[in-house]
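Residues per chain, in single letters:
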Amino acid sequence: MTSELASVRPGAAGGPGGVSPPASFRIGVLGNGTVGAAFVELLGQRADAIADEVGARPEISGVLTRSRGDFGDILDRSDLIVEAIGGTDPALEHVLAALRAGRHVVSANKQLLSRHGDELFDAAAASGVQLRFEAAVAGVVPVIRVISETLAGAHIERVNGIVNGTTNFILTAMERTGATYEDALAEAQALGYAEADPTEDVSGLDAAAKMAILARLAFGAPVHVEDVPCEGIESVTAEDIAYARELGLSLKLIGSAERIDGGLAVSVYPAFLYAGHPLAAVHGSFNAVTIESPAITEITLSGPGAGGSQTASALLGDVISAMIPPPFAPPPAVPTRLVTDTVSAFYLHVDVGDHPGVLAQVAELLGLQGVSIKSVVQKGMGVDARLAMVMHPVLESKFRAAVTLISRLEFVRGEPRVIRVIEGVFE
Ligand SMILES: NC(=O)c1ccc[n+]([C@@H]2O[C@H](COP(=O)([O-])OP(=O)(O)OC[C@H]3O[C@@H](n4cnc5c(N)ncnc54)[C@H](OP(=O)(O)O)[C@@H]3O)[C@@H](O)[C@H]2O)c1
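Treat the numbers as computed from the prediction; the structure is a model and nothing was measured.

**Here we look at the overall build of the chain**
Along its length, the chain carries 13 helices and 15 strands. Its C-alpha atoms give the chain principal-axis dimensions of roughly 90 × 45 × 40 Å. Across the chain, every contact between residues at least 6 apart in sequence was considered, and the portion connecting residues at least 24 apart equals 74%. Carbon and sulfur atoms make up 52% of the accessible area of the chain, which totals about 17700 Å². Distance from the positive charge centre (30 side chains) to the negative charge centre (50 side chains) of the chain: 2 Å.

Take a look at the structure:
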């Protein structure tokens with residue numbers, strides 16, 4: 001290793017007489033946007049306290065933007081690189097170069113980790129340096145650390161998360177005010193919770209990248225973002241949310257990763273939760289992750305999922321961890337079968353015309369596929385009647401087959417709407 005890291009230990013500086021000043025620990029920062037600039041500012045405020053605690057003073061050795069700084073020069077003068085550019089080009093090239101040159105890397109970049117994790121972890125392991133990324137998932141909520149360190153001894157069975165603050169803000173606004181999806185999105189954009197182009201967030205892609213990272217850590221499997229099927233919230237209606245409220249449910253965009261029959265199911269979808277589920281109480285732009293294991297029952301971590309100062313705090317925590325050995329490295333990933341047809345409860349909404357025995361015919365088609373109804377709300381009269389119902393857990397393929405048959409009934413108007421229901425409650 002070419003850096004000074006090997007000599008940095010808590011209390012290493014000064015010695016009994018305290019004569020020598022703390023050694024410096026040089027940090028190159030890639031990106032000076034919301035996160036990069038907040039990191040530089042936070043480090044300025046905390047550097048003295050960190051020096052007292054760790055025995056080395058963290059200092060900024062250079063900042064790279066599109067118009068400022070030279071990457072090679074910054075790398076030469078750094079012990080650790082903080083990557084806050086985002087995306088994969090040029091972040092991948094820079095991060096790989098830093099790891100191969102024996103520098104620790106701390107990154108906030110979910111795209112990078114969820115697309116190129118194998119290559120990056122291999123490069124870090126080959127150089128004997130650390131690659132840390134707490135800020136890449138759920139902002140300052142310490143989910144990476146808890147899964148890979150605190151729960152390293154637990155056999156994790158399931159991780160469910162609200163890992164996208166934009167969609168949680170929109171769904172919370174729809175639930176609280178009865179707003180349409182379009183109006184709630186416009187409000188989120190006006191308040192800065194959603195980008196002008198919100199596609200990445202509302203389509204579930206952002207959450208899928210984060211779930212790929214969590215699944216890799218929780219299950220030691222090489223899951224990539226392309227392996228994670230995702231469904232967004234664009235077609236959720238105010239009506240669904242209102243009816244579901246009557247059934248005791250509230251809607252969240254859920255990232256889910258769980259062990260099933262020796263394989264793994266990882267996906268992102270809108271889901272209804274009963275009030276006893278810990279994620280049902282997570283509102284607004286907050287993120288939360290629930291981790292389940294027989295050894296621990298259930299742990300839920302929640303907090304702000306984004307924001308400059310919050311993300312910078314997660315980055316700085318990782319920097320301090322990298323300054324203090326022993327190094328953290330996830331165990332090697334083991335290929336695992338991905339399961340896509342899983343058991344779930346479902347909400348089904350059907351608009352129906354004026355016709356006798358509507359509910360009986362819908363129930364019969366569900367029954368033929370082995371789907372049983374748990375609860376029903378019937379609304380409206382005549383040609384404007386609607387059925388909203390929740391099913392008992394069933395294999396998804398069976399339920400979808402029943403819905404296809406239902407959609408062909410002559411009195412059904414429009415496409416039936418389907419949303420998963422997560423039945424777990426922890427009380
Ligand atoms: N914002 C959040 O709340 C948040 C939360 C968690 C994680 N993150 C992650 O943190 C990372 C940074 O996000 P951000 O919100 O800070 O982004 P941002 O405000 O857009 O800042 C990006 C920075 O990267 C620089 N950059 C872009 N392309 C570059 C290139 N080719 N060469 C050198 N520098 C380049 C930009 O330079 P210029 O200044 O020259 O444009 C800018 O300073 C992303 O991975 C994001 O997913 C963000």
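**Quick notes on the site of the ligand**
Lining the immediate surroundings of the ligand are 19 residues, of which Asn32, Thr34, Val35, Arg66 and Gly307 lie closest. Asn32 is positioned with one of its backbone polar atoms (N or O) 2.7 Å from an oxygen atom of the ligand. A distance of 3.1 Å is found between an oxygen atom of the ligand and a backbone nitrogen or oxygen belonging to Gly33. When the ligand sits alone it has 900 Å² of accessible area, and the protein chains cover 71% of it. Grouping the amino acids of the shell around the ligand by side-chain chemistry returns eight nonpolar, nine polar and two charged.

**Here we look at the packing of aromatic side chains**
Taken as a whole, this structure holds four aromatic pairs when the rule is applied. Here Phe346 and Phe399 contribute two aromatic rings whose centre-to-centre distance is 4.4 Å and whose plane-to-plane angle is 10°, an arrangement assigned as stacked. Taken together, the positions of Phe346 in strand S11 (residues 343-352) and Phe399 in helix H13 (residues 396-407) put the pair 53 residues apart, joining distant regions of the chain. Assessed through its relative accessible area of 0%, Phe399 is described here as buried.

**Digging into the pattern of salt bridges**
Opposite charge on two side chains permits pairing when their charged atoms draw close. Applying the stated rule across the entire model yields 22 salt bridges. For the salt bridge of Arg145 with Glu134, the shortest nitrogen-to-oxygen distance reads 3.9 Å. In this pair, Arg145 is assigned in helix H5 (residues 143-150) and Glu134 in the loop between strand S5 (131-132) and H5, connecting sequence segments eleven residues apart. On the basis of relative accessibility, which here comes to 26%, the residue Arg145 falls in the partly exposed class. Take Glu134: its relative accessible area is 5%, and that puts it in the buried class. Across the salt bridge formed by Glu239 and Arg386, the nearest N and O atoms sit 3.0 Å from each other. Here the residue Glu239 occupies a position in helix H10 (residues 238-246), and Arg386 occupies one in strand S13 (residues 385-391), the gap between them amounting to 147 residues. Ionic contacts of the salt-bridge type, sharing partners, join the residues Arg132, Glu134, Arg145, Glu149 and Asp318 into one network.

**A look at the packing of helix H3 (residues 91-100) against helix H4 (residues 110-127)**
Where H3 contacts H4, the two axes come as close as 9 Å, and the packing angle between them is 15°. As summarised for this structure, H3 and H4 are arranged roughly parallel, according to the angle between their axes. Here H3 and H4 pass one another in a crossing that is right-handed. For the pair formed by H3 and H4, the contact residues are Ala91, Leu92, Val95, Leu96, Leu99 and Arg100 on the first element and Leu112, His116, Glu119, Leu120, Ala123, Ala124 and Ser127 on the second.

**Quick look at the side chain of Ser293**
Among the structural elements, Ser293 can be located in strand S9 (residues 286-293). Leave out the neighbours within four places in its chain, and Ser293 touches Ala154, His155, Ile156 and Glu157.

**A look at the sheet that holds strand S2 (residues 56-64)**
Read across the open sheet, the five strands follow the order S2-S1-S3-S4-S5; overall the sheet is parallel. Edge positions in the sheet fall to S2 and S5, since each has one partner strand and no second. Sheet topology note: the strand S3 (residues 80-83)/strand S4 (residues 104-107) ladder contains four bridges and is parallel. Paired with Glu83 across the two strands is Ser107, which belongs to S4.

**Some words on unusual backbone geometry**
Of the consecutive residues Asp89 and Pro90, the connecting peptide bond is found in the cis state with omega at 10°. One can find Pro90 in the loop between S3 and H3. Phi at Asp261 is positive, roughly 45°, even though this residue is not glycine. Relative to the helices and strands, Asp261 is located in the loop between strand S7 (249-260) and strand S8 (263-274). Positive phi is not limited to glycine here, since Thr297 has a value of about 65°. Positionally, Thr297 belongs in strand S10 (residues 297-304).

**A few points about the packing of H4 against helix H9 (residues 205-219)**
To characterise two packed helices, one gives the angle between the axes of the helices and the distance between these axes. Axis separation between H4 and H9 bottoms out at 7 Å; the angle between their running directions is 35°. Handedness of the crossing formed by H4 with H9: left-handed. Here Lys110, Gln111, Leu113, Ser114, Gly117, Asp118 and Phe121 of H4 lie close against H9, whose contacting residues are Asp206, Ala209, Lys210, Ala212, Ile213 and Arg216. A class-by-class count of the residues in the contact of H4 with H9 yields five nonpolar, three polar and five charged.

What counts and what doesn't
Residues numbered from 1 in each chain as written. Predicted model: local features only at pLDDT ≥ 70, side-chain atom pairs only at ≥ 80, totals over all residues. Heavy atoms only, no water. Helix = DSSP H or I, 4+ residues; strand = E, 2+ residues; numbered from the N terminus. Contact = heavy atoms within 4.5 Å. Areas by Shrake-Rupley, 256 points an atom, 1.4 Å probe, with all protein chains shown as cover. Lys, Arg positive; Asp, Glu negative; His and termini not counted. Charge placed at Lys NZ, Arg CZ, Asp CG, Glu CD. Near = heavy atom within 4 Å. Polar contact = N/O pair within 3.5 Å; in protein donor to acceptor, adjacent residues only side chain to side chain. Nonpolar A, V, L, I, M, F, W, Y, C, P; charged D, E, K, R; others polar. Phe/Tyr/Trp six-rings, centres within 6.5 Å; stacked < 30°, edge-to-face > 60°. Buried < 20%, exposed > 50% of the residue type's maximum accessible area, 1.4 Å probe, protein only. Salt bridge = Lys/Arg side-chain N within 4 Å of Asp/Glu carboxyl O. Axes fitted to C-alpha atoms, helices over the stretch in contact; angles between N-to-C directions. Parallel < 35°, antiparallel > 145°, perpendicular 65-115°, else oblique. Left-handed = near helix turned anticlockwise from the far one by under 90°. Pairing = 2+ DSSP bridges.

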